[in-house]
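# Secondary and tertiary structure notes
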Amino acid sequence: MRQRSVTVLGATGSIGLSTLDVIRRHPDRFAVYALTAGTRAAEMAGLCREFRPVFAVMADSDAARELAERLVDLPEIEVLSGEAGLCQVAAASEADTVMAAIVGAAGLAPTLAAVRAGKRVLLANKEALVMSGKLFMDAVAESGAELLPIDSEHNAIFQCMPADKVRSPVAAGITRILLTASGGPFRTFSADRLRSVTPAEACAHPNWSMGQKISVDSATLMNKGLELIEACWLFNTSPEQVEVHVHPESIIHSMVEYADGSVLAQMGSPDMRTPIANGLAWPERIAAGVAPLDLFAIGRFHFERPDRQRFPCLRLAAEAFATGGTAPAVLNAANEIAVAAFLDGKLGFTDIPVIIERTLAATEVSEADSFDTIFVKDAEARERAREQISLLSV
Ligand code: NAD
Ligand code: MG
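Residues numbered from 1 in each chain as written. Chains lettered and ligands numbered in written order. Predicted model: local features only at pLDDT ≥ 70, side-chain atom pairs only at ≥ 80, totals over all residues. Heavy atoms only, no water.

### Section: the overall build of the protein
Check the secondary structure of the protein and you find 17 helices and eleven strands. Relative to a compact globule of 394 residues, whose C-alpha radius of gyration would be 21 Å, the protein shows 20 Å and is just as compact. Overall size of the protein, expressed as C-alpha extent along the three principal axes, is 55 × 55 × 45 Å. Burial analysis of the protein (394 residues in total) assigns 56% to the buried set. For the protein, restricting intrachain contacts to residue pairs at least 6 apart in sequence, the fraction spanning at least 24 positions comes to 69%. If you sum the accessible surface of the protein, you get close to 16300 Å²; carbon and sulfur atoms cover 52% of it. Each charge class in the protein was averaged separately, 36 positive and 49 negative side chains, and the resulting centres sit 3 Å apart. (Helix = DSSP H or I, 4+ residues; strand = E, 2+ residues; numbered from the N terminus. Rg over C-alpha atoms; globule rule 2.2 N^0.38 Å. Buried < 20%, exposed > 50% of the residue type's maximum accessible area, 1.4 Å probe, protein only. Contact = heavy atoms within 4.5 Å. Areas by Shrake-Rupley, 256 points an atom, 1.4 Å probe, with all protein chains shown as cover. Lys, Arg positive; Asp, Glu negative; His and termini not counted. Charge placed at Lys NZ, Arg CZ, Asp CG, Glu CD.)

### Focus: the site of ligand 1
In the region of ligand 1, 23 residues are neighbours, and Thr12, Ser14, Gly38, Glu127 and Gly211 sit closest. Within the side chain of glutamate 127, an N or O atom sits 2.6 Å from an oxygen atom of ligand 1. Backbone polar atom of glycine 211 to an oxygen atom of ligand 1: 2.9 Å apart, as the coordinates give it. The fraction of the free accessible surface of ligand 1 (830 Å²) that becomes covered by protein chains is 84%. Class assignment for the residues of the shell around ligand 1 results in 13 nonpolar, seven polar and three charged. Looking at the shell around ligand 1, you find at least three residues from each of domain 1 (4-150) and domain 2 (151-271 + 282-308). (Near = heavy atom within 4 Å. Polar contact = N/O pair within 3.5 Å; in protein donor to acceptor, adjacent residues only side chain to side chain. Nonpolar A, V, L, I, M, F, W, Y, C, P; charged D, E, K, R; others polar. Domains from an automatic or database assignment.)

### A few points about the packing of helix α15 (residues 327-343) against helix α17 (residues 371-392)
In the contact formed by α15 and α17, the axes pass within 8 Å of each other and the chain directions differ by 40 degrees. As summarised for this structure, α15 and α17 are arranged oblique, according to the angle between their axes. Crossing hand, α15 versus α17: right-handed. Of the residues in α17, those touching α15 at Ala329, Val330, Ala333, Ala334, Glu336, Ile337, Ala338 and Ala341 are Ile374, Lys377, Asp378, Ala381, Arg382, Ala385, Arg386 and Ile389. Here the contact of α15 with α17 is built from residues that sort into eleven nonpolar, no polar and five charged. (Axes fitted to C-alpha atoms, helices over the stretch in contact; angles between N-to-C directions. Parallel < 35°, antiparallel > 145°, perpendicular 65-115°, else oblique. Left-handed = near helix turned anticlockwise from the far one by under 90°.)

### A closer look at the pairing of strand β6 (residues 120-123)
For a regular strand, side chains alternate in direction, first toward one face of the sheet and then toward the other. Burial of β6 is two-sided: the residues Arg120 and Leu122 facing one way and the residues Val121 and Leu123 facing the other way are all buried. Here strand β5 (residues 97-100) pairs with β6 via four bridges, running parallel. From the neighbouring strand, alanine 100 faces β6, where its bridge partner is leucine 123. As for the winding sense of the linkage, the β-α-β connection from β5 through helix α5 (residues 108-116) to β6 is right-handed. Between β6 and its parallel partner strand β7 (residues 146-149), the chain crosses via helix α6 (residues 126-143), and the hand of that crossover is right-handed. (Pairing = 2+ DSSP bridges. Right-handed = clockwise from strand over helix to strand, strands pointing away.)

### Some points on helix α11 (residues 222-234)
Along an α-helix, residues three or four positions apart point the same way, because every turn accommodates 3.6 residues. With 13 residues, α11 should reach 18 Å at 1.5 Å per residue; the first-to-last C-alpha distance of 18 Å fits that figure. Here α11 lies mainly inside the structure; twelve of its 13 residues are buried. Every buried residue belonging to α11 is among Met222, Asn223, Lys224, Gly225, Leu226, Glu227, Leu228, Ile229, Glu230, Ala231, Cys232 and Leu234, and all of these are buried. Just downstream of α11, asparagine 236 is the residue with a positive phi angle, here 50 degrees. (Expected span 1.5 Å × (residues − 1).)

### A short note on the packing of helix α1 (residues 14-24) against helix α2 (residues 41-51)
As a packed pair, α1 and α2 sit with axes 12 Å apart at the nearest point and diverge in direction by 15 degrees. In terms of axis orientation, α1 runs roughly parallel to α2. Between α1 and α2 lies a crossing whose hand is left-handed. Between α1 and α2, the residues in contact are Leu17, Leu20, Ile23 and Arg24 and Leu47, Glu50 and Phe51, respectively.

### Describing the state of the cysteines
The tally for this structure, following the rule as stated, stands at zero disulfides. For cysteine 160, which is in no disulfide, the shortest distance to another cysteine sulfur is to cysteine 232 and amounts to 17 Å. A disulfide-free cysteine, cysteine 203 has its sulfur positioned 15 Å from the sulfur of cysteine 313, the nearest such atom. Here cysteine 203 falls in the partly exposed class, since its relative accessible area comes to 25%. (Disulfide = S-S within 2.5 Å.)

### A short note on the coordination of the magnesium ion (ligand 2)
Bound to the magnesium ion (ligand 2) on the protein side are Asp151 (OD), Glu153 (OE) and Glu227 (OE), at distances that span 2.1 to 2.2 Å. Donor residues binding the magnesium ion (ligand 2) come from one chain and are separated in sequence as D-x1-E-x73-E. Here glutamate 227 lies in helix α11 and glutamate 153 lies in helix α7 (residues 152-159), a separation of 74 residues in the sequence. (Donors = N, O, S within 2.8 Å, 3.2 Å for Na, K, Ca; no water.)

### Details of unusual backbone geometry
Each neighbour pair has its own omega, and for tryptophan 282 with proline 283 the value is 5 degrees, a cis peptide bond. Note on placement: proline 283 falls in the loop between α12 (273-281) and α13 (295-298). Despite not being glycine, asparagine 236 shows a phi value in the positive range, around 50 degrees. Here asparagine 236 lies in the loop between α11 and β9 (242-246). A residue is classified by how much of its surface remains accessible, and asparagine 236, at 46% relative accessible area, is partly exposed.

### A word on the sheet that holds β7
The strand order β4-β3-β2-β1-β5-β6-β7 describes an open sheet built from seven strands, whose pairing is parallel. The open sheet is flanked by β4 (78-81) and β7, the only strands paired with a single partner. Averaged over all adjacent pairs, the angle separating strand axes in this sheet is 20 degrees, with direction ignored. Bridge analysis of β6 against β7 gives four bridges, and the strand direction is parallel.

Quick look at the structure:
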């Protein structure tokens, strides 16, 4: 068995820490080549002491200085900073596997660097794919990178497909993808009650422990909207072939329906270490530290249709994908700005879709002809979204 050399982008986050926990269990299989983080130097220093990477990168330059000071006694760990540092370690020839677990559009450039360098890319950073869609998938095809989905639903779908037909569902006899959703913490809330929910309530997900941004996305159902787009790109399918099923127990992580009527489901405890271990070891299986599934304790599964009235983000995402071009990048940027404002106490929960819809209306859609176009549109949409938020608060 060849030992894999792994770079973890977003090492201090929820996915990053789960990834390192799986790696910790298999020192014979995995070595850490580089760790990266945004601003949290103290946490990063602790991870560096344990995993002894060759490189440690902080996106923020002050945080990089602080990290270097904290690691003076370990001069063999080289500290880098900024997007250039992130892209350098993502593409470095010494690593063969890159976990893309930076949150949001900030992850696109380093994830793309890993793709272009032909790595095994474990994709958690769904925003990167949503923003750049076809360009991203074309880059994967050109470089021969091995793109493995880590988002639990997409990893489930991947596991329910024949490995050689992941990008040709029709040839595989696949008729539908059943994308499951927990429904988030506000699934049963009235439209009226939704208006007054707080960031703390939004971040308290009933089944999953995740970073703040994706927790809010789960509460608005934007997460499912982003995942619908993600599924269409990863599995080369149309949105009509993907049906969202709200399944509050979060035990079935998604399903694939075949022409003969078979429906294959992947199940497990809601713990991201399962899809992470699947991606790290694929096509082998390794222990992930996940509690075994106790179906007697769970007892029942439930399914319902998503409510697009109370949760308009799902509709907005589907519409942006149908519009195509730069619209999904605008949707994503507006969502990031609106979610940050909500977390900051500057925007109401139900105003999140309002800001996204207005930003989409105020930003011209163009053809997504290059990554530069995507980055420019992302910046423009952020500007528009901030304007819309200030208009709302006067
Ligand atoms: P998180 O907020 O817990 O962690 C984000 C990581 O990215 C941190 O290490 C942070 O330092 C780093 N980061 C943030 N801003 C950065 C910047 N500007 N430049 C460089 N690094 C930066 O987020 P998370 O919950 O771990 O999610 C990470 C990604 O995985 C997201 O795209 C999310 O949608 C996806 N995902 C997460 C889960 C989950 O269970 N947490 C499940 C599926 C998909
Ligand atoms: Mg998911």
